[in-house]
Amino acid sequence: MSIFTNASAKATIKVTTKVTIISLVSVILFSFQFNTARAATSPEDKIKTAIIFKLTKFISWPKKTQSLTICVLGEGSINNELHKINRKSTMGRRLSVTHRNANSPFEKLCDALFIHNIDNVTVKSVLKRLEGKPVLTISDIRSFVDYGGMIGLKRSGKKINFSINNTSATNASLSINSRLLKLAKTVK
């Protein structure tokens, strides 16, 4: 009788183990699908990233180094797209894309800073800290150039336009190519 009970217990353990493994696999698959969906980028993210990459070709910094660091402040699906341009080359300089928090010393770490999904108080604080520093500031936040940011990306229908605050760029010793200025929707 005890042999029969042991066999029954073993069968129960096998069934329980199979159910546990199936549940675990289901959770992993669901988690993978959820993370894939969350990390998916939109066509707008791809266009903005392409614009940011192209913008670096029309800016002259006071000191030319072998690499150009684009810092990213803010969370969102565009971050995945921006990391795809990491290690690409622009005007003979190797791009480095890195994520930073709002308290980072951007003036020491970044040549360009893309800001998105950040509250306006933080945006204004970061821009105030970077006044006169040679860090190109880019954002898709509304009224960014009015706050003192240098390049503001704005969706208009199916297009992404940009505005330039050339005064802020000049005060930071950055030179924006005249061809880029002509392409801008507005220039301050």
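Reading the values: rules and limits
Residues numbered from 1 in each chain as written. Predicted model: local features only at pLDDT ≥ 70, side-chain atom pairs only at ≥ 80, totals over all residues. Heavy atoms only, no water. Core = buried A, V, L, I, M, F, W, Y, C linked by side-chain atoms within 4.5 Å. Buried < 20%, exposed > 50% of the residue type's maximum accessible area, 1.4 Å probe, protein only. Helix = DSSP H or I, 4+ residues; strand = E, 2+ residues; numbered from the N terminus. Salt bridge = Lys/Arg side-chain N within 4 Å of Asp/Glu carboxyl O.

As recorded in an unreviewed UniProt entry, the chain goes by the name YfiR family protein, listed as coming from Endozoicomonas gorgoniicola.

A. Seen up close, the nonpolar core. Within the largest apolar cluster, 31 residues are counted, with the highest numbers of intra-cluster contacts made by Leu136, Ile151 and Leu153. At the level of secondary structure, the elements contributing two or more residues to this core comprise helix 2 (43-55), strand 2 (67-73), helix 3 (78-83), strand 4 (93-100), strand 5 (112-115), strand 6 (136-139), strand 7 (151-156) and strand 8 (159-164). A total of 4 residues in this core trace back to one element, the largest contributor, which is helix 2. Listed in part, the 13 residues of the second largest apolar core include Phe106, Val123, Val126 and Leu127.

B. Structural context of unusual backbone geometry. Non-glycine residue Asn117 carries a positive phi angle of around 50°. Relative to the helices and strands, Asn117 resides in the loop between strand 5 and helix 5 (120-130). Judged by relative accessible area, which is 58%, Asn117 ranks as exposed. The phi dihedral of Ser173 falls on the positive side, at around 65°, and the residue is not glycine. Residue classification places Ser173 among the partly exposed residues on the basis of a relative accessible area of 47%.

C. Here's a closer look at the pattern of salt bridges. Applying the stated rule across the entire model yields 6 salt bridges. Taking the shortest distance from any N to any O, the salt bridge between Lys48 and Glu44 comes out at 2.9 Å. Taken together, the residues Lys48 and Glu44, both in helix 2 and 4 residues apart, mark about one turn of the helix. Between Lys188 and Asp146 there is a salt bridge, and its shortest N-O distance comes to 2.3 Å. With a gap of 42 residues between them, Lys188 in the segment after strand 10 (186-187) and Asp146 in the loop between strand 6 and strand 7 connect regions that are remote in the sequence. Residue class for Lys188 comes out partly exposed when judged on its relative accessible area of 46%. Taken together, the shared-partner salt bridges connect Glu44, Lys48, Asp140 and Arg155 into one network.

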